[in-house]
Amino acid sequence: MTAAGLALRLAVFAKAPLPGYAKTRLIPLLGAEGTARLAGTLIARTLALAEAVRPQALTLWCAPSAGHPYFRALAAGPSPPRLCTQTGADLGARMHAAFTDELARGPTLLIGTDCPALTAGHLHAAAEALLGTVAGPAADAVFLPAEDGGYVLVGLHTPQPRLFEDLPWSTPALMDATRARLRQAGLRGAEPATLWDLDRPADYRRWLKEG
C-alpha cells in the first residue's frame, strides 16, 4: 500500500446479511444464521479495507435495497459510503447499471465482499493498471481473476455493456468468456493478480487456516 489514497472511485457490491439470502452455498456447513453472520463479517472487512485505501469516492451498491435497515445503519457512521440499490435482471445487468452511474463521475473499480485475500496493495495495483504509469499504458479494463474461474474485481474507464451481457455468471467459464469479449471488442485488459474468493465450504476452511 502506498501513502497516497486510491486515485479513482471504488464501488462495493453487497447483499444484506440475512439468513438464507447471502452466501447460500455455505448454509450446509454453517447453517443459515451462521452464514448470515459470516456475510456480515465479510462486509465489515471489505468496507474497512475500502476506507483504508481512501478512494476518491466510495459507493455501496446494496441488495435487496439501499433502504434496508442493515445498510441504513452503515450510513449512520462517521464516514458513510454513498448507498445505492442494485438494479437489473442478473448480476451482469446490475454491474453494468452500477458502472453506468459511477463512470459518469470518473474511472471506477468494482469489488464484492467475498474475497478475504484482497488487500490494499491489490487495489492500488488495479488502479495503476487502469490509469497507467510510467512503466506501462493504461488498460481499457482491469480484472482480478478468481481461482475458481470468475473474478473478484473489475475496473473500467467507460461503460462496456458487452462485458456483462449473456455471460456464464457463477461458473468456472466466466473469466475466459470475459477475456473473449475483451478481444472481440478490441479492448486492452490487465490482470495484476489472481486471488481466491469465499463461496464454498472448502473456501471457508481455507480462510480459517490462512487467517
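This write-up is about the structure you can find in this document. (Residues numbered from 1 in each chain as written. Predicted model: local features only at pLDDT ≥ 70, side-chain atom pairs only at ≥ 80, totals over all residues. Heavy atoms only, no water.)

1. A word on the overall build of the chain
Moving on, step 1. Helix and strand counts for the chain stand at six helices and seven strands.
Moving on, step 2. Taken over the C-alpha atoms alone, the chain extends approximately 45 × 40 × 35 Å along its principal axes.
Moving on, step 3. Burial analysis of the chain (211 residues in total) assigns 46% to the buried set.
Moving on, step 4. For the chain, the share of sequence-separated contacts (at least 6 apart) that also reach a separation of at least 24 residues comes to 65%.
Moving on, step 5. About 9600 Å² of surface is accessible on the chain, with carbon and sulfur atoms providing 55% of the total.
Moving on, step 6. When the 20 positive and 18 negative side-chain charges of the chain are each reduced to one mean point, those points stand 3 Å apart. (Helix = DSSP H or I, 4+ residues; strand = E, 2+ residues; numbered from the N terminus. Buried < 20%, exposed > 50% of the residue type's maximum accessible area, 1.4 Å probe, protein only. Contact = heavy atoms within 4.5 Å. Areas by Shrake-Rupley, 256 points an atom, 1.4 Å probe, with all protein chains shown as cover. Lys, Arg positive; Asp, Glu negative; His and termini not counted. Charge placed at Lys NZ, Arg CZ, Asp CG, Glu CD.)

2. Some details on the sheet that holds strand β6 (residues 151–156)
Moving on, step 1. Strand order in the open sheet formed by seven strands is β3-β2-β1-β4-β6-β5-β7, and the pairing between neighbours is mixed. Bordering the open sheet on either side are β3 (82–85) and β7 (189–190), each of which pairs with just one other strand.
Moving on, step 2. Bridge count between strand β5 (residues 141–145) and β7: two bridges; the pairing is parallel. Pairing of Ala141 across the sheet is with Gly189, part of β7.
Moving on, step 3. Sheet contacts for helix α1 (residues 27–52): β1 (9–15), β2 (57–63) and β4 (108–111); angle to β1, the most-contacted strand, approximately 175°. (Pairing = 2+ DSSP bridges. Axes fitted to C-alpha atoms, helices over the stretch in contact; angles between N-to-C directions.)

3. Let's talk about the nonpolar core
Moving on, step 1. Residues Leu6, Leu10, Leu109, Leu118, Leu123, Val142 and Leu153 are the most contacted members of the largest nonpolar core, which totals 43 residues.
Moving on, step 2. Taken together, the elements giving at least two residues each to this core come down to β1, α1, β2, β4, α4 (120–131), β5, β6 and α6 (201–210).
Moving on, step 3. Excluding residues within four positions of it along the chain, Leu153 makes contact with Leu109, Leu110, Ile111, Leu123, Ala126, Val142, Phe143 and Leu144.
Moving on, step 4. Among the nonpolar cores identified, the runner-up in size contains 21 residues, and Ala141, Val154, Leu163 and Phe164 belong to it. (Core = buried A, V, L, I, M, F, W, Y, C linked by side-chain atoms within 4.5 Å.)

4. Quick word on the pattern of salt bridges
Working definition: two side chains of opposite charge can pair if their charged atoms are close together.
Moving on, step 1. Overall, the coordinates contain 13 salt bridges when judged by the stated rule.
Moving on, step 2. For Glu147, the salt bridge goes to Arg206, with nearest N and O atoms at 2.9 Å. Here Glu147, found in the loop between β5 and β6, pairs with Arg206, found in helix α6; they are 59 residues apart in sequence, far enough to count as distant.
Moving on, step 3. Of the residues examined, Arg206 reaches a relative accessible area of 27% and is grouped as partly exposed.
Moving on, step 4. Residues Glu165 and Arg162 are paired through a salt bridge, measuring 3.4 Å at the closest nitrogen-oxygen approach.
Moving on, step 5. Overall, Arg162 belongs to the partly exposed group, its relative accessible area being 43%.
Moving on, step 6. By sharing partners, the salt bridges in this structure join Arg9, Arg82, Asp101, Glu102 and Arg105 into a single network. (Salt bridge = Lys/Arg side-chain N within 4 Å of Asp/Glu carboxyl O.)

5. Some thoughts on the side chain of Gln86
Moving on, step 1. Looking at the secondary structure, you find Gln86 in the loop between β3 and α3 (91–103).
Moving on, step 2. For Gln86, a relative accessible area of 12% corresponds to the buried category.
Moving on, step 3. There is a polar contact of 3.2 Å between the side chain of Gln86 and the side chain of Arg94.
Moving on, step 4. In contact with Gln86, other than residues within four places in its own chain, are Phe13, Ala14, Trp61, Cys62, Ala63 and Arg94. (Polar contact = N/O pair within 3.5 Å; in protein donor to acceptor, adjacent residues only side chain to side chain.)

These figures come from the coordinates and say nothing about function on their own.
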